[in-house]
Amino acid sequence: MSNEKKLRRAEALSGEIAIPGDKSISHRAVMFGALANGETVIENFLAGADCLSTIACFRQMGVEIDQEGTKVKVSGKGINALREPEGILDVGNSGTTTRLMLGILAGRPFHACIVGDESIAKRPMTRVTDPLREMGAAIDGRQNGNYTPISIRGGKLSGLEYVSPVASAQVKSAILLAGLQANNEKTKVTEPHKSRDHTERMLRAFGIEVKEEGLSAELIGGQSLQAASIQVPGDISSAAFFLVAGAIVPSSTITLKNVGINPTRIGIIEVLRQMGADLTIEERGSHAHEPAADLTISTSELKGTVISGELIPRLIDEIPVIALLATQAEGDTVIKDASELKVKETNRIDTVVQELKKLGADIEPTDDGMIIRGKQTLRNSASVSSHGDHRIGMMLAVAALITEGDVSLSDHEAINVSYPQFFDHLNQLAD
């Protein structure tokens, strides 16, 4: 059992912070740099546990990677230079590392075995392994390759036109990365809703031609990546916790610098605006096809809303903190079409409801989301838990800012997965 962290109520929040680099983009920059020809330089890399797992795995496959804090140099020699790892590839807690790496390994002529922590061992992988098998990879694992450990022997791949049952950037990316290795053949992925497009944008930055039309992305195999310079914007999923904090803690104004505002990721901004938040956006241009902006949020009178449909893939990781936001809005907020929450680091429907109820929230789970009744004063002294899930941990730390009572958070170390400086930044704004 980890030590509990005592959390404190805040009278107000003010100041500005630079949000750490985007996790999704940091992962991809390392992976694509490893597959490219030449030296890729990455600035503002997220040196959290998940992204460090990606670095470790590619080092095991012979890629020279120099990482000092937030600066990373990847010396790529092309995808054919990857070599069979001598040991097991340990992805830690990282679903992105697992699924995207499976797409890369699908076309490599060697054997690899992927394992992760207890949380990864519960996350479904057939959504990726099934289409990769269709393309020609030999994959096995627990429950026929649905759970880690997963064993993969790559080989000659064929292109695939795949209609995905889920809107998942990880599924889409894995198939496109495999498709790059299907020489002169077309690979196309069509989704029910548009998921994050970081892979498509970054492939272009590395010189790959990718075609996007409606809900589809496609490429022709056999193209080779060329090294690039990548400036990673701040992670909007990490910024979301401070956007919510700024909206619900009295007498607050916070500016978050250089946050990525990729259109497939700004669901949280749309929800804040729907609910009446006082939010301004000052755009800062784009780098490597990724737009960024400074975001300023102030305490606001909020109203409940309905969050559903195509909006869900654009804010799936922000739903825990949106649930907290909704406790401070007038009226009910309904979140639906979000059953994907059940297969994240935890079942986030159950854990969000369970933990917010401890603080006195009026919230109930549904099959595909939750209903939150506002406006509520959170007032219970409680011991809450992240359940080993970084986003649940950060949401609860923000909830403590407005809770009348003593709040203690266990398993707070999980936050290091995506935001090692989180508590430093929280204290900076509260002082």
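Residues numbered from 1 in each chain as written. Predicted model: local features only at pLDDT ≥ 70, side-chain atom pairs only at ≥ 80, totals over all residues. Heavy atoms only, no water.

(A) Broad picture of helix H8 (residues 236–248). Here H8 contains 13 residues, and its C-alpha end-to-end distance of 18 Å stays within 8% of the 18 Å for a straight helix at 1.5 Å per residue. For H8, the tally of buried residues reaches 13 of 13 residues, placing the bulk of the element in the interior. Where H8 begins, the capping side chain belongs to Asp 235, and its oxygen is found 2.8 Å from the backbone nitrogen of Ser 237. (Helix = DSSP H or I, 4+ residues; strand = E, 2+ residues; numbered from the N terminus. Expected span 1.5 Å × (residues − 1). Buried < 20%, exposed > 50% of the residue type's maximum accessible area, 1.4 Å probe, protein only. Polar contact = N/O pair within 3.5 Å; in protein donor to acceptor, adjacent residues only side chain to side chain.)

(B) Region of interest: the packing of helix H1 (residues 23–35) against helix H7 (residues 198–205). For the pair H1 and H7, interaxial distance at closest approach is 10 Å and the crossing angle is 40°. With respect to each other, H1 and H7 are oriented oblique. The hand of the H1/H7 crossing is right-handed. Each of Ser 24, Ile 25, Arg 28, Ala 29 and Phe 32 in H1 lies in contact with H7, whose residues at this interface are His 198, Thr 199, Met 202 and Leu 203. Partitioned by chemical class, the residues of the contact of H1 with H7 number five nonpolar, three polar and one charged. (Axes fitted to C-alpha atoms, helices over the stretch in contact; angles between N-to-C directions. Parallel < 35°, antiparallel > 145°, perpendicular 65-115°, else oblique. Left-handed = near helix turned anticlockwise from the far one by under 90°. Contact = heavy atoms within 4.5 Å. Nonpolar A, V, L, I, M, F, W, Y, C, P; charged D, E, K, R; others polar.)

(C) Local environment of the side chain of Asn 93. On the secondary structure map, Asn 93 appears in the loop between strand S6 (89–90) and helix H3 (95–105). At a separation of 3.0 Å, a polar atom in the side chain of Asn 93 contacts the side chain of Asp 117.

(D) Looking closely at the sheet that holds strand S19 (residues 306–307). Here four strands make up an open sheet; going across it, the order is S19-S21-S23-S22 and the pairing mixed. Across the chains shown, the open sheet's two edge strands, defined by having one partner strand only, are S19 and strand S22 (362–366). Pairing geometry for S19 and strand S21 (residues 332–335), over two bridges, is parallel. The partner of Val 306 across the bridge, within S21, is Val 334. Those strands touched by helix H10 (residues 319–327) are S19, S21, S22 and strand S23 (369–373), and its axis lies near 20° from that of S23. (Pairing = 2+ DSSP bridges.)

(E) Looking closely at the domain arrangement of the protein. Parsing the protein into structural domains produces domain 1 (3–18 + 232–427) and domain 2 (22–229). Just the C-alpha atoms count here: the centres of domain 1 and domain 2 sit 28 Å apart. Summing both partners gives a buried area of about 2500 Å² for domain 1 against domain 2, and 50% of it is carried by carbon and sulfur. Linking domain 1 with domain 2 are three salt bridges, by the criterion used here. A salt bridge links Arg 127 to Glu 340, with the shortest nitrogen-to-oxygen separation between them at 2.6 Å. Where domain 1 packs against domain 2, one counts 16 residue pairs in polar contact (both at pLDDT 80 or more). Counting residues per element, the ones that place at least two in the side of domain 1 that touches domain 2 are H8, strand S17 (290–298) and helix H12 (390–400). Residue composition of the side of domain 1 that touches domain 2, grouped by class: 10 nonpolar, 10 polar and nine charged. (Domains from an automatic or database assignment. Buried area = accessible area lost by both parts, 1.4 Å probe. Salt bridge = Lys/Arg side-chain N within 4 Å of Asp/Glu carboxyl O.)

(F) Seen up close, helix H4 (residues 126–135). All buried positions along H4 are accounted for by Arg 127, Val 128, Thr 129, Pro 131, Leu 132 and Met 135. Positioned one or two residues after H4, Gly 136 has a phi angle of 125°, which is positive.

(G) Examining the UniProt feature "binding site: 3-phosphoshikimate" (unreviewed entry) in the protein more closely. Mapped onto the present numbering, the UniProt feature "binding site: 3-phosphoshikimate" (unreviewed entry) falls at Lys 23, Ser 24, Arg 28, Ser 168, Gln 170, Asp 317 and Lys 344. Given the relative accessible area of 9%, Lys 23 is considered buried. Setting aside residues no more than four positions away along its own chain, Lys 23 makes contact with Leu 46, Asp 50, Cys 51, Asp 235, His 390, Arg 391, Val 417 and Ser 418. Mapped onto the fold, Arg 28 is located in helix H1. In contact with Arg 28, not counting residues within four places along its chain, are Gly 33, Thr 96, Leu 100, Ala 169, Ser 173, His 198, Thr 199 and Met 202. A polar side-chain atom of Arg 28 sits 3.0 Å from the main-chain carbonyl oxygen of Ser 24. (UniProt positions renumbered as here; feature names shortened; annotations may be inferred.)

(H) Seen up close, the sheet that holds strand S16 (residues 278–287). What the four strands build is an open sheet, ordered S2-S15-S17-S16; its pairing is mixed. Here the strands that pair on one side only, and so sit at the sheet edges, are strand S2 (14–18) and S16. Neighbour-to-neighbour, the strand axes of the sheet open up by a mean angle of 15°, direction not taken into account. Sheet analysis places S16 next to S17, joined by eight bridges and oriented antiparallel. Bridge pairing in S17 places Glu 283 opposite Ala 293. Docked against the sheet, H8 engages S2, strand S15 (253–260), S16 and S17, running at close to 165° with respect to S15. Sheet contacts for helix H13 (residues 422–430): S2 and S15; angle to S2, the most-contacted strand, approximately 155°.

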